[in-house]
Amino acid sequence: MTSTFAPPTPPVRMTDATDLVATPPMGWNSWNAYSCAVTAADVRDAADAMVETGLRDAGYEYVVVDDCWMAEEPGPDGRLRADPETFPEGMAALADYVHDRGLRFGLYSSAGSHTCQGYPASLGRERLHAEQFADWGVDFLKYDNCGDHRGRGPRDRYATMGEALAAVDRDIVYSICEWGQSDPWVWGREVGGHCFRVTDDAVAKWRAEDEEFGLGIADIADRMATLDITSAHGPGGWADPDMLQVGNGPDSGQSQHEPTDVRRPLTAAENRSHFALWCLLGAPLMVGTDLRSVDDDVLAILTNEHLLAIDQDPLGAQGTRVRCDGDVSVWQKPLTDGVAVGLCNRGEAPTEIRARPPVDADGYHTLDCWSGEERASSGELCATVSPRDTAVVRVTPH
Ligand code: GAL
C-alpha cells in the first residue's frame, strides 16, 4: 500500500551559515542609542549616517531596530504590526529605505509572549512572524528571551524560530539573545543561530556595581575570559558579548533612566579598550551610538581598519586572555597570518606592559593598530599604556 502522507521536507537555508556569516556581523542597532523611544526617523537618519560617516564603507552592514517598534496589540490574525505613531509607514517601507542605501535591515522580537518592554512577541507564532519578516525584507532578527515562556525551555523556543527562519525564502541572520543563561554557545548553531549572546546587557560604564543595571566593559572582559567557549566560535556562529557602547554617555539609551549618581560615561581610553577587546574577541560589532551627533574621535575608533581586520579575520578565532596580573591583562587572538596581542591597563596610572611575542620565530613584524606604525622586531613586545587603555599589536612572523 502506498501512503499519501508526504514527510515534511527538512528546511534548507538559502545560504549556508558559514557563507552568510563567514565573519562576525557588523551593523548598527537602535537600543543603546534610543532605548524604547526609537522612531522611523531615527532609523532612517542612522541609515543615512552610516553612508555619510563611512561606517558602511568600513563594513558595517545591518541597521537593526531593537525593542519597541511594535504596536501594543498584534493584528487579529496574530501578525505583528508596526507602531502606527512611531513607524507610521510600516516596516516594509523602512526596509526599502535601508536597502536603497546599500545596507541590510534588521528587526527584534522575543522567544516569549512579550518583549522585554512588554510589546507582543513571537512565541507560538514563529512561522507567521518569520514569513512576515521575510515579506517585509528583514535580513537580521535579534531574538530576545523576555515574556512568558509557557513552560518551554530555551533550546526548544529558539529552535522553533530557527526552523521558521530556515523555511522562508530569504536569508535572515538569526541572532540569539538568551543572555548566556543556558549556555547558548553549546546549542546555538544546532538551532540555526548565527550569533549567541553570552552576557547580560553591556552598559556605557567601565564597571557596573552589583546593585546597578547591566555589566561594564571590564565586567564583560572578565566574563569572557572565564568562559571556555572558543571551540563554539567561528565562521557560521559567533559568541556575542553584546552590542557596542563606544561613544555613549549618561544620556544614551537606557543610561538616561538611571539615577544621575551611577552614570559614568566611557572616557576616550575606555572607548578604545572596549572596541579593542570586542575586536580581539571576534565579536559581532553592532554600533549603538547616536550617529547624528557622533564625533570624529569615536568614528576613528569604530572605523579603525587594523582593528576591524582583526575582528573580521577569516580564521574566525576567538581571542583569549592569556595573562591577568594586577591591573595588567594580555589578550591574544590567532589570525590567518600571525597573532593579535592586546595589552590592557586596567589601572589608574600609565603602565609599561611587556609580553613575550606569541609567534615562534626569531624575528617578527609588528603593526601598532592605533598609530599604524610598523616595525621589524625581535624580543619582547612592549608598550606604555594609559590608564584603562589597550594597545593592540598585530604580530606577523618573518
Ligand atoms: C534586553 C536585551 C537588550 C535589549 C532589550 C530591549 O533583554 O538584552 O539588548 O534588546 O532587552 O528591551
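Predicted model only: the values in this text are computed from it and were never measured.

Undergrad: Can you break down the sheet that holds strand S16 (residues 390-397) residue by residue, with the values?
TA: The sheet built from six strands is open, its strands ordered S9-S10-S11-S16-S13-S14 with antiparallel pairing. Edge positions in the open sheet fall to strand S9 (320-325) and strand S14 (374-377), since each of these has one partner strand only. Shown here is a sheet whose adjacent strand axes are inclined to one another by a mean of 25 degrees, direction ignored. Judged from the five bridges that link them, strand S13 (residues 364-368) and S16 form a sheet pairing that is antiparallel. Pairing of histidine 365 across the sheet is with threonine 396, part of S16.

Undergrad: Go over the site of the ligand with me, naming the residues and quoting the values.
TA: Around the ligand, the structure places 13 residues, and the nearest of them are Asp66, Asp67, Lys142, Asp144 and Asp201. At 3.0 Å from an oxygen atom of the ligand is found a side-chain nitrogen or oxygen belonging to glutamine 117. One of the side-chain nitrogen or oxygen atoms of arginine 197 is found 2.9 Å away from an oxygen atom of the ligand. When the ligand is considered free in solution it has 310 Å² of accessible area, and contact with the protein chains removes 96% of it.

Undergrad: Tell me about the environment of proline 357, and please be specific about residues and values.
TA: As for its position among the elements, proline 357 is in the loop between strand S12 (351-355) and S13. Residue contacts for proline 357: discarding those within four places in its chain leaves Tyr364, Gly379, Glu380 and Leu381.

Undergrad: So what's going on with the packing of helix H3 (residues 40-52) against helix H5 (residues 90-100)? Which residues, and what values?
TA: At their nearest, the axes of H3 and H5 sit 9 Å apart, and the two run at 15 degrees to each other. When the interaxial angle is binned, H3 and H5 end up roughly parallel. Like other packed secondary-structure pairs, H3 and H5 cross with a definite hand, here right-handed. Where H3 abuts H5, its residues Ala40, Val43, Arg44, Ala47 and Asp48 lie against Leu94, Tyr97 and Val98. Here the contact of H3 with H5 is built from residues that sort into six nonpolar, no polar and two charged.

Undergrad: Give me the packing of aromatic side chains: which residues, what numbers.
TA: Applying the stated rule across the entire model yields seven aromatic pairs. An angle of 80 degrees between the planes, with centres 5.7 Å apart, marks the rings of tryptophan 69 and tryptophan 136 as edge-to-face. Pair noted here: tryptophan 69 is in the loop between strand S2 (62-64) and H5 and tryptophan 136 is in helix H6 (residues 126-136), with a separation of 67 residues, a long-range link. Summarising the burial analysis for this pair, tryptophan 69 and tryptophan 136 share the class buried. Between the aromatic rings of tyrosine 143 and tyrosine 158, the centroid separation amounts to 5.6 Å while the plane-to-plane angle is 85 degrees, which identifies the pairing as edge-to-face. With a gap of 15 residues between them, tyrosine 143 in strand S4 (residues 140-144) and tyrosine 158 in helix H7 (residues 154-167) connect regions that are remote in the sequence. Both residues of the pair, tyrosine 143 and tyrosine 158, count as buried. Counting every residue linked through ring pairs, the aromatic cluster contains Tyr143, Tyr158, Tyr174 and Trp187. Its guanidinium or amino end placed over the ring of tyrosine 97, arginine 44 lies 6.0 Å from that ring's centre, counting from NZ or CZ. The ring of tyrosine 97 has arginine 101 lying over it, and the distance from NZ or CZ to the ring centre is 3.6 Å.

Undergrad: Hey, could you go over the state of the cysteines for me, with residue numbers and the actual values?
TA: Evaluated as defined, the whole model comprises two disulfides. Here cysteine 36 connects covalently by a disulfide to cysteine 68, the sulfurs 1.9 Å from one another. Taking the sign of the S-S torsion, -100 degrees for the link of cysteine 36 and cysteine 68, the bridge is left-handed. In this pair, cysteine 36 sits in the loop between helix H2 (31-34) and H3 while cysteine 68 sits in the loop between S2 and H5, placing the two residues 32 residues apart along the sequence.

Undergrad: Go over the pattern of salt bridges, please, and point to the residues and values.
TA: All chains considered together, the criterion is met by 27 salt bridges. In this structure, the salt-bridge partner of aspartate 77 is arginine 79, at a minimum N-O distance of 3.9 Å. The class for arginine 79 is partly exposed, based on a relative accessible area of 27%. In this structure, the salt-bridge partner of glutamate 212 is lysine 205, at a minimum N-O distance of 2.7 Å. Comparing glutamate 212 with lysine 205 shows no difference in burial state: the two are buried.

Undergrad: Run through the packing of H6 against H7, naming residues and quoting values.
TA: The interhelical angle for the contact between H6 and H7, taken along N-to-C directions, is 40 degrees, at an axis separation of 8 Å. For the element pair H6 / H7, the angle class is oblique. Like other packed secondary-structure pairs, H6 and H7 cross with a definite hand, here right-handed. Taken together, the residues of H7 that come into contact with H6 (itself represented by Glu126, Arg127, Ala130 and Phe133) are Thr160, Met161, Ala164, Leu165 and Ala167. Among the residues making up the contact of H6 with H7, the classes are represented as six nonpolar, one polar and two charged.

Undergrad: So, the environment of valine 191: which residues are in play, and what are the values?
TA: Note that valine 191 resides in the loop between helix H8 (184-187) and strand S6 (195-197). With 152 residues separating them in the primary sequence, valine 191 and leucine 343 have C-alpha atoms 36 Å apart. Those residues within four positions of valine 191 in sequence are excluded, and the remaining contacts are Arg155, Tyr158, Ala159, Gly162, Tyr174 and Ile176.

So, how was this worked out
- Residues numbered from 1 in each chain as written.
- Predicted model: local features only at pLDDT ≥ 70, side-chain atom pairs only at ≥ 80, totals over all residues.
- Heavy atoms only, no water.
- Pairing = 2+ DSSP bridges.
- Helix = DSSP H or I, 4+ residues; strand = E, 2+ residues; numbered from the N terminus.
- Axes fitted to C-alpha atoms, helices over the stretch in contact; angles between N-to-C directions.
- Near = heavy atom within 4 Å.
- Polar contact = N/O pair within 3.5 Å; in protein donor to acceptor, adjacent residues only side chain to side chain.
- Areas by Shrake-Rupley, 256 points an atom, 1.4 Å probe, with all protein chains shown as cover.
- Contact = heavy atoms within 4.5 Å.
- Parallel < 35°, antiparallel > 145°, perpendicular 65-115°, else oblique.
- Left-handed = near helix turned anticlockwise from the far one by under 90°.
- Nonpolar A, V, L, I, M, F, W, Y, C, P; charged D, E, K, R; others polar.
- Phe/Tyr/Trp six-rings, centres within 6.5 Å; stacked < 30°, edge-to-face > 60°.
- Buried < 20%, exposed > 50% of the residue type's maximum accessible area, 1.4 Å probe, protein only.
- Lys NZ or Arg CZ within 6 Å of the ring centre and 35° of its normal.
- Disulfide = S-S within 2.5 Å.
- Salt bridge = Lys/Arg side-chain N within 4 Å of Asp/Glu carboxyl O.

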